[in-house]
Amino acid sequence: MPDKHANTFDLAHDPAPDTHRVHPQRGTRSVLFDPVILHNTDTAGCEHLPCLMWLIANTAPPTLTLVGASRTVRDTLAFFLHIRALPTQLVVHETLCLPQLQTPGLHYLAQSAWQAWPVNPQDGNTLPAAAPGSVILLEGAPTPTPHAAQAEPTEAQEWQNLAYPQQVLCCRFAQGNGLGVLAARPVPDCLAPFFMPDGPCNAHDIIRLRQRMDFAGQAWLDKVQLARATRQNHALQAELETLRADSLALQVRTSQQGLELSALHADAAASRARAQADYEHNQALARRMADASARFEPIRRGVSSVPGLVRLLARTMLKGPFPLPDLPSPSAVALPPLPAGKPGMPGTTVEPARGQATPTALHVLFVAGEPDTPGMQYRCVRNAAACQRAGYPAAWKDCAGVTPGDIAWADVVVLWRVGYSGHVSIMLQLARQKGARIIFDTDDLTFIPHLARIDLIDGIRSAGTTEERIETVFTDMQRTLMQADMGFAPTDTLADAMRVYRPVTHTVPNTYDAAFLAQARLACRAKKAAPSDGLVRIGYATGSRTHQKDFACACAALVAILREKPQVRLVLFREAETRRPVLLTDEFPALEPVAAQIEWRDMVPLADLAQELARFDICIAPLEVQSAFCNAKSEIKFFESALAGVPCIASPTAPFRQCVVHGRTGLLADTQPEWEDALRLLVDKPELRARMARDAHHAVLWQFGPQRQTRLFRTLLASLGGEDAAARAAETLIARTREHAQSLPDIPDCTVLFEQDRLENAVISVVITNYNYAHLVLEALESVRAQTLQLLDLIVVDDGSTDESPPLIQAWMTRHSARFNRLLLLRTRQNAGLGAARNCGVAHTETPFFLPLDADNRLLPSACARLLAAMDDMTAYAYPVMAQFGAPGHTQTMGEDPFEPMRFMAGNYIDALALVAKWAWAAAGGYYTNPAAMGWEDYDLWCSLAELGLRGTHVPTILAEYRVHPHSMTNSVTETTAHKERVVALLEHRHPWLRLVQKAAKERV
């Protein structure tokens, strides 16, 4: 094959000075070898595409008309016009209408279109006069013959008849089945040599060009035939694999039957042995019974008459009981062995959540088609852990390592990115024979083969692969999908696309796990504790070389910001060993002037990603908004950066529009001005960055958390238990679609009066809210200091007190700072109310759980430890029994009732003092903050968690003390008549299912 860059003949590149040379050069390389978009089922005319592209490039026609063209021709020429930025308008028609050809330009007629048009010059039935300079191309034109040489018109003559008007010239290119050319005068320069063989153009050059067009066209025609043969070969291979699978299955069944027959023979032999042993035992027993009967004969004769009976009684009274013979003991009965359970599977074991009834034993096996990629963690490892938390045994395995025993163990097989193969065919057949449910899972549009095009997926080019290879991969995955019972997808957009093939498809989002959350929050705290270097880092954490066009969406805006603000740095990543950049910056020459402001970081494994994300000040997630492929991608960059305390700017794809509240939890940007405005806003306002990151953190805790994923898998797997179970699960899933959009906790502004962080990972933060309790707050603080749980965080929120509380608390913290891991004293800018003050404290916690404590109450020393012991991954809160004190002779207790969500319908029975999971607080939207209805913030929280189906648990032990006094908020505010009416109205509006029994004000004494 000749070098397409050196000595490739093209009239446009030949530097001869002749006047009949073609149009000036329109590119830096020959178009004869431009890419062709082949569609397997519609490739007619592909051999003419190099010639067509050469004509288009050298004539730049105002209009390109395609009549009856195949999909391959249409898509290739559309792509060619796009990448060449030619001003040519593309017009497509299915059938021939003669007025179409009267417009100036280049007109391509498929063979079926022009042969269907009757042409007879004698009847005047010819093409109308073509526009000057127009060119008509006829696919499948045979070799022309002179008109005078034939008495009757032949097929070869028919297309020449179309040139009947004398001002139209004709010639033919020989590639494939021939391409006829009709050119109206004046003939375009590039075609003139073909109609003027006696002209000044070198005939040798014309021959070379014809040969090269023929060569290039034949190459694509051969490629089509090769692809067709390859598909036939694949079909035959698939049939062979099916036959092999059937043969293997037959062998397996034969082997199983042989084993079963051997077992039956063994059982029969054992039965015969037991029968013989029983016979011998019975014979011995009969002999012993006969001997015993003989020994009893004197007694029988003695008692058969009155004198004998009298003698027997007298003898017994004098000498003791008559010696009786020993009776034989019955032999021990051998119980049959219990049936063996299913074999254990590899993988991380996660205990089912406490209080979660173990469901019918459905074993779930996740099969990873790409086990060496980070996606395996998101789609297999974390989802298997969610199933285990829901009470279902689950494991994951590399597809290549799956054995028949694994399939025998599994009741549900989830295939993530698994392409069809002989091995997979056997897996599917064994699963079908067992009755297992098969689920196909993918996190990209990898099951639509015709999307494997460079113009749609730029990653094909930048990753160094080919359209053909990716199309094969997509085809194999589509075959696996078609064999599945249902589908999983991480986004609604991707799930909608999958439902075309499998109507039962569920959105199962990507999630984080507890380890990533803990690492991200610790890295965020460490960054906050370290001194600032004054730089603002914008991070682009791409993990592969498939996002070149995505980065291009934001590149110009980034360059503008870097030039404008010298303190800004762009953080990019490179391979640790080779130092090769992941983003191919050579394709972005605009970055060269700002290269000094680019920070290069080595790529890290997923386990260390959180630390890298926490270094950013701004995270960007640019994507091609118009790309179907990009609109199916998940929200990983948004929720992982949010957990690391970093705000995100993302392109407004469908998934990002669903999860990002523009201006509150992140920013959406599409055009260059929008990207510049968003970047400039966050660079200039660090307080906005902090607030946006905080709200994003609260937004993703539940939405992309392991607890929500566990709840989802519990419902999805329960739906596989039959028709009734499917109906109940559908009711739940449909009801969840009507859930109100998650509201974000309302956090008031505050200032930090005292702060300490030893950067250890405590589990519980005690949150004390204080308002003018200087005379009582030290008791509450001392009760926290006395906790038996050693590693502890303490946060105090002073809600605008007017007494001496703040300096008193600050002095206490200074004295006892060594006792706590984190100490934080916050003061709201103004009195915000109890709910807002609690939200402020909880928002500043960095632990999985928090314990709200009012400043007038006290904890018993074991409170934190005992409540923590009652929690697990799926428990939203744990509440203790509280003893009342403060009033003389008052010894009542509170919180003695066990957890029962429907008890909330009649009224509240759980105090605010409970150990609460932070993810549960975020799921409920925090405490409500209506200052006109203070007092039932905790009751509202419990109701919201009940609506989400989240469980609390009761610790039936007195672990805290509730102070009863006339100045408490309950007596002075909540239980006053006017205020109580407002509180009741608010709660009934927020939770219409409540049927409160006690609506009137009632003082607590």
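Residues numbered from 1 in each chain as written. Predicted model: local features only at pLDDT ≥ 70, side-chain atom pairs only at ≥ 80, totals over all residues. Heavy atoms only, no water.

You'll find the protein entered in an unreviewed UniProt entry as Glycosyltransferase, with Acetobacter garciniae given as the organism.

(A) Quick look at the overall build of the protein. The secondary structure content of the protein amounts to 31 helices and 28 strands. Out of the 1005 residues in the protein, the part that is buried amounts to 50%. Accessible area of the protein: about 46000 Å², with a carbon and sulfur share of 56%. (Helix = DSSP H or I, 4+ residues; strand = E, 2+ residues; numbered from the N terminus. Buried < 20%, exposed > 50% of the residue type's maximum accessible area, 1.4 Å probe, protein only. Areas by Shrake-Rupley, 256 points an atom, 1.4 Å probe, with all protein chains shown as cover.)

(B) How the structure looks around the packing of aromatic side chains. Per the stated rule, a full pass over the model turns up 16 aromatic pairs. An angle of 80 degrees between the planes, with centres 5.9 Å apart, marks the rings of Phe488 and Phe713 as edge-to-face. Highlighted residues: Phe488 in strand 11 (residues 486–489) and Phe713 in helix 22 (residues 706–718), separated in sequence by 225 residues. Accessibility classification places Phe488 together with Phe713 in one group, the buried group. By way of ring pairs, the aromatic residues Tyr877, Tyr879, Phe899, Phe904, Tyr909, Trp936, Tyr939 and Trp942 are connected into one cluster. Residue placement shows Arg838 over the ring face of Tyr927; its charged tip is 5.3 Å from the ring centre. In this structure, Arg858 packs its charged tip against the face of Phe885, placed 4.0 Å from the ring centre. (Phe/Tyr/Trp six-rings, centres within 6.5 Å; stacked < 30°, edge-to-face > 60°. Lys NZ or Arg CZ within 6 Å of the ring centre and 35° of its normal.)

(C) Inspection of helix 29 (residues 937–947) at higher detail. Of all 11 residues in helix 29, nine are buried, a share of seventy percent or more. When we look at burial in helix 29, the residues that qualify are Glu937, Asp938, Tyr939, Asp940, Leu941, Trp942, Cys943, Ser944 and Leu945. Phi for Gly949, located one or two positions after helix 29, is positive at around 75 degrees.

(D) Quick look at the pairing of strand 8 (residues 394–398). Judged from the five bridges that link them, strand 7 (residues 364–368) and strand 8 form a sheet pairing that is parallel. The partner of Ala368 across the bridge, within strand 8, is Asp398. Following the chain from strand 7 across helix 8 (residues 375–389) to the adjacent parallel strand 8, one finds a crossover that is right-handed. (Pairing = 2+ DSSP bridges. Right-handed = clockwise from strand over helix to strand, strands pointing away.)

(E) Summary view of the environment of Ala869. Secondary-structure assignment places Ala869 in helix 27 (residues 863–869). Its relative accessible area of 53% is what places Ala869 among the exposed residues. As for Ala869 and Val955, which are separated by 86 residues in sequence, their C-alpha atoms are 9.6 Å apart.

(F) Highlighting the sheet that holds strand 13 (residues 536–539). The sheet built from six strands is open, its strands ordered 15-14-13-16-17-18 with parallel pairing. Where the open sheet ends on each side, the last strands, each with one partner, are strand 15 (598–602) and strand 18 (667–668). Bridge count between strand 17 (residues 648–650) and strand 18: two bridges; the pairing is parallel. Directly across from Ile649, in strand 18, lies its bridge partner Leu667. Packed on one face of the sheet, helix 18 (residues 636–643) meets strand 16 (618–621) and strand 17 and runs near 170 degrees to strand 16. (Contact = heavy atoms within 4.5 Å. Axes fitted to C-alpha atoms, helices over the stretch in contact; angles between N-to-C directions.)

(G) Just the packing of helix 14 (residues 514–529) against helix 18, in detail. Contact geometry for helix 14 and helix 18: axes closest at 8 Å, N-to-C directions at 55 degrees. Taken together, the axes of helix 14 and helix 18 lie oblique to each other. Between helix 14 and helix 18, the residues in contact are Phe516, Leu517, Ala520 and Arg521 and Glu640, Ala642 and Leu643, respectively. Counted by class, the contact of helix 14 with helix 18 contains five nonpolar, no polar and two charged residues. (Parallel < 35°, antiparallel > 145°, perpendicular 65-115°, else oblique. Nonpolar A, V, L, I, M, F, W, Y, C, P; charged D, E, K, R; others polar.)

(H) Examining the pattern of salt bridges more closely. Scanning the model with the defined rule gives 46 salt bridges in all. When the shortest N-O distance is used, the salt bridge between Arg903 and Asp897 registers 2.9 Å. Note on Asp897: relative accessible area 29%, which makes it partly exposed. Salt bridges linked by common partners bring Glu564, Lys565, Glu676, Asp677, Arg680 and Asp684 together as one network. (Salt bridge = Lys/Arg side-chain N within 4 Å of Asp/Glu carboxyl O.)

(I) The arrangement of the side chain of Lys565 in detail. As for its position among the elements, Lys565 is in the loop between helix 15 (548–564) and strand 14 (568–574). There is a polar contact of 3.0 Å between the side chain of Lys565 and the side chain of Asp684. Residue contacts for Lys565: discarding those within four places in its chain leaves Gln597, Arg680, Val683 and Asp684. (Polar contact = N/O pair within 3.5 Å; in protein donor to acceptor, adjacent residues only side chain to side chain.)

(J) Focus on unusual backbone geometry. Residue Arg185 is joined to Pro186 through a cis peptide bond whose omega torsion reads -5 degrees. With respect to the element layout, Pro186 can be found in the loop between strand 6 (179–184) and helix 5 (192–195). Phi at Ala60 is positive, roughly 45 degrees, even though this residue is not glycine. With respect to the secondary-structure elements, Ala60 resides in the loop between helix 1 (49–59) and strand 1 (63–67). For Arg417, which is not glycine, the phi dihedral falls at a positive 50 degrees. Turning to its location among the elements, Arg417 is positioned in the loop between strand 9 (412–416) and helix 10 (422–434). Residue Arg417 is classed as buried on the basis of its relative accessible area of 13%.

(K) Region of interest: the state of the cysteines. In total, this model carries zero disulfides according to the counting rule given. In this structure Cys190 is a free cysteine whose sulfur lies 9.1 Å from that of Cys51, the closest cysteine sulfur available. Since its relative accessible area comes to 1%, Cys190 is described here as buried. (Disulfide = S-S within 2.5 Å.)

(L) Highlighting the side chain of Asp406. Locating Asp406 in the fold gives a position in helix 9 (residues 404–409). A distance of 2.7 Å separates polar atoms of two side chains, one belonging to Asp406 and the other to Lys397.

(M) Representation of the sheet that holds strand 2 (residues 89–93) within the structure. Pairing within the open sheet is mixed, and its six strands lie in the order 2-1-3-4-6-5. Looking along the sheet, the strands with just one partner apiece sit at the ends: strand 2 and strand 5 (168–173). This sheet shows a mean twist of 15 degrees between the axes of neighbouring strands, independent of strand direction. For strand 1 and strand 2, the ladder comprises five bridges, and the chain directions are parallel. By the bridge assignment, Leu64 is partnered in strand 2 with Leu90. Lying on the sheet, helix 1 is in contact with strand 1, strand 3 (106–109), strand 4 (135–139), strand 5 and strand 6; it crosses strand 3 at an angle near 165 degrees.

(N) Looking closely at the pairing of strand 9. In terms of burial, strand 9 is largely enclosed, as five of its five residues are buried. The two faces of strand 9 match: Val412, Val414 and Trp416 on one face and Val413 and Leu415 on the other face are all buried. By the bridge criterion, five bridges tie strand 9 to strand 10 (residues 437–441) in an arrangement that is parallel. Bridged to Leu415 within strand 10 is Phe440. Between the parallel elements strand 9 and strand 10, the chain passes through helix 10 in a crossover that is right-handed.

(O) Representation of the packing of helix 22 against helix 23 (residues 723–737) within the structure. Taken N-terminus to C-terminus, the directions of helix 22 and helix 23 make an angle of 145 degrees; their axes are 8 Å apart at the nearest point. Between helix 22 and helix 23, the residues in contact are Arg711, Leu712, Thr715, Leu716 and Ala718 and Ala725, Ala729, Thr732, Leu733 and Arg736, respectively. Among the residues making up the contact of helix 22 with helix 23, the classes are represented as six nonpolar, two polar and two charged.

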